[in-house]
Amino acid sequence: MTEERNYWFDIFKGFAILGVVAVHFAQQFPYEIHTELKNLFISGQYMVQMFFIISGYFAFCSYSKYVGNGVVFLKKKILSLIPVCYVAYAIRILYLLFIGQKIAPLDVICAFTFTNGISPHYINSIGGWYIGTLVVFYVITPILYKIISDKKRAEVFFFVIVI
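Each value, and the rule that gives it
For every chain, the first residue of the written sequence is number 1, and numbering continues from 1 onward in sequence order. A pLDDT threshold of at least 70 governs which residues receive local features in this predicted model, and a stricter bar of 80 or more applies before side-chain atom pairs are shown or counted, although totals over entire chains, interfaces and linings include all residues. Remark: hydrogens and water are excluded; side-chain values derive from all non-hydrogen atoms of the structure. In this analysis an axis means a line fitted to C-alpha atoms, helices contributing only their contacting stretch, and an angle means the value between N-to-C directions, from 0 to 180 degrees. Elements are defined by DSSP. Helices are runs of H or I of four residues or more, strands are runs of E of two residues or more, and each kind is numbered from the N terminus. Throughout this description, any angle smaller than 35 degrees is read as roughly parallel, any larger than 145 degrees as roughly antiparallel, any in the 65 to 115 degree range as roughly perpendicular, and the remainder as oblique. The handedness criterion is simple: a crossing whose near helix is rotated anticlockwise from the far helix by less than a right angle is left-handed, and one whose near helix is rotated clockwise is right-handed. Note on contacts: a residue pair is in contact if any heavy atoms of the two residues lie within 4.5 Å. Here the expected length of a helix is defined as 1.5 Å per residue gap, with one fewer gap than residues. Gly falls in the polar group here, along with every residue not listed as nonpolar (Ala, Val, Leu, Ile, Met, Phe, Trp, Tyr, Cys, Pro) or charged (Asp, Glu, Lys, Arg). The criterion is simple. A nonpolar core is a set of buried Ala, Val, Leu, Ile, Met, Phe, Trp, Tyr and Cys residues joined through side-chain atoms within 4.5 Å. We call a residue buried when its accessible area falls under 20% of the maximum for its residue type, exposed when it is over 50%, and partly exposed in between, using a 1.4 Å probe and counting protein chains only. Values of pLDDT, the confidence the predictor places in each residue, fall between 0 and 100.

Trainee: Would you take a moment to explain the packing of helix α1 (residues 7–26) against helix α3 (residues 45–63) for this structure?
Mentor: The packing of two helices is summarised by the inter-axis angle and the distance between the axes. The N-to-C vectors of α1 and α3 enclose an angle of 135°; their axes lie 7 Å apart at closest approach. By the angle class used here, α1 and α3 are oblique. Crossing handedness for the pair α1 and α3: left-handed. Residues Phe9, Phe12, Lys13, Phe15, Ala16, Ile17, Gly19, Val20 and Val23 of α1 touch α3, and the partners they reach there are Gln45, Met47, Val48, Met50, Phe51, Ile54, Tyr57 and Phe58.

Following this line, the structure appears as structure tokens:
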């Protein structure tokens, strides 16, 4: 049995992606220039939150294939992050060393173990905040799956959070 695609999520995801792009674009403007335009783009920060909610929903849906085997789910998700993230982290470390910035060993450890999402001090370390937070989503997904036991409840949960 194939599932029917929910196009509302595609629409929300599209707006969320535009919001993420807008926020990053706005960060390039100096404060003195284009204040109104910058403020418009900065409002995309709310779409960043929506993007996380949608990512959590899709992590939940993905977990439905692994019910009862959270370890396999986490391995698959985290192993898919490792190659790209480790290369990016290595480049970032080399860049920071090149510009003379000190790097704390714990920053490196937190980034490479994807645990920077659980500590405010390390969240913006070498790995940035997105991947660490995404891993936190992956870790809590099996717990949420026990609470929200079917896709219909997940959709209701999603729309309640968004509203």
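Trainee: Any chance you could explain α1 here in plain terms?
Mentor: In an α-helix there are 3.6 residues to a turn, and that puts residues three or four apart on one side. Look at α1: 29 Å from first C-alpha to last across 20 residues, which is about the 28 Å you get at 1.5 Å a residue. Of the surrounding secondary structure, the elements contacted by the buried residues of α1 are α2 (35–42), α3 and α7 (151–162).

Trainee: What am I meant to see in the packing of α3 against helix α6 (residues 129–147) here?
Mentor: Taken N-terminus to C-terminus, the directions of α3 and α6 make an angle of 45°; their axes are 9 Å apart at the nearest point. Relative to α6, α3 is oriented oblique. Here α3 runs over α6; the crossing is right-handed. Where α3 abuts α6, its residues Val48, Phe51, Phe52, Ser55, Gly56, Ala59, Phe60 and Tyr63 lie against Trp129, Tyr130, Thr133, Leu134, Phe137, Tyr138, Thr141, Pro142, Leu144 and Tyr145. Here the contact of α3 with α6 is composed, by residue class, of 14 nonpolar, four polar and no charged.

Trainee: How do you make sense of the nonpolar core when you look at a structure like this?
Mentor: For soluble globular proteins, nonpolar side chains are generally found buried alongside one another. Core analysis: the largest hydrophobic core is formed by 27 residues, its most contacted members being Leu81, Cys85, Tyr89, Phe114, Ile126, Ile131 and Tyr138. Every element with two or more residues in this core is listed here: α1, α3, α4 (70–98), α6 and α7. Once residues within four sequence positions are removed from consideration, Tyr138 is found in contact with Ala59, Phe73, Leu74, Lys77 and Leu81.

Trainee: What should I look at first to understand the environment of Lys151 in this one?
Mentor: Relative to the helices and strands, Lys151 resides in helix α7. The spacing of Lys151 and Phe60 is 91 residues in sequence and 8.6 Å in space, taken between C-alpha atoms.

Trainee: Looking at this structure, I do not really get unusual backbone geometry. What am I missing?
Mentor: Most of the time, phi is negative for any residue but glycine, and the peptide bond is trans. One non-glycine residue, Phe114, lies in positive phi territory at about 60°. Among the secondary structure elements, Phe114 is positioned in the loop between α5 (105–112) and α6. We classify Phe114 as buried; its relative accessible area is 5%.

Trainee: For this particular structure, what's the right way to read the confidence of the model for the protein?
Mentor: Low pLDDT means the predicted atomic positions in that stretch should not be read closely. Residues with a pLDDT of 70 or more make up 94% of the protein, whose mean pLDDT is 82. For the protein, per-element mean pLDDT is lowest for α2, which scores 73, and highest for α4, which scores 91.

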